[in-house]
Amino acid sequence: IPVRVVSMPSTNVFDRQDKAYKKDVLPKGLPRVAVEMGVTDFWWKYGVDAVVGIDSFGESAPAGVLFKHFGFTPENVAATVKAVLK
């Protein structure tokens with residue numbers, strides 16, 4: 001599946017850009033899936049179709065265990081993208 005990966009380490013900086021830049025980075029008509037190792041709420045304003053993220057607090061375990069528990073695996077991200085494409 002051809003994909004385009006956009007890294008957005010600061011949504012505040014992105015939000016301050018002009019409309020043309022934002023449109024170029026996040027063009028309309030393409031499915032969008034965000035991967036966020038934190039709260040997912042703010043990604044919806046960017047027109048995402050799905051978010052792989054965490055909306056709870058207090059989990060504690062080794063990183064690999066938490067990644068699997070919260071779905072931060074290549075398999076789950078790919079499955080989420082495929083579900084959006086259907």
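Here is a short report on the structure shown in this document. (Residues numbered from 1 in each chain as written. Predicted model: local features only at pLDDT ≥ 70, side-chain atom pairs only at ≥ 80, totals over all residues. Heavy atoms only, no water.)

Once that is clear, we can look at the environment of Phe 57. Residue position: Phe 57 is located in the loop between strand E2 (50–53) and helix H3 (63–70). By relative accessible area, Phe 57 is classed as exposed at 83%. With 23 residues separating them along the chain, Phe 57 and Ala 34 place their C-alpha atoms 19 Å apart. (Helix = DSSP H or I, 4+ residues; strand = E, 2+ residues; numbered from the N terminus. Buried < 20%, exposed > 50% of the residue type's maximum accessible area, 1.4 Å probe, protein only.)

Evaluated as defined, the whole model comprises four aromatic pairs. Between Phe 14 and Tyr 46 the ring centres are 5.7 Å apart and the planes differ by 70°, which places this aromatic pair in the edge-to-face class. Of this pair, Phe 14 sits in helix H1 (residues 11–15) while Tyr 46 is found in the loop between strand E1 (33–36) and E2, placing the two residues 32 residues apart along the sequence. A relative accessible area of 7% places Phe 14 in the buried class. A relative accessible area of 8% means that Tyr 46 is categorised as buried. Ring geometry for Trp 43 against Tyr 46: centres 5.6 Å apart, planes inclined by 50°, an arrangement best described as tilted. Take Trp 43: its relative accessible area is 10%, and that puts it in the buried class. Among the aromatic residues, ring-to-ring pairing joins Phe 14, Tyr 21, Phe 42, Trp 43 and Tyr 46 into one connected group. (Phe/Tyr/Trp six-rings, centres within 6.5 Å; stacked < 30°, edge-to-face > 60°.)

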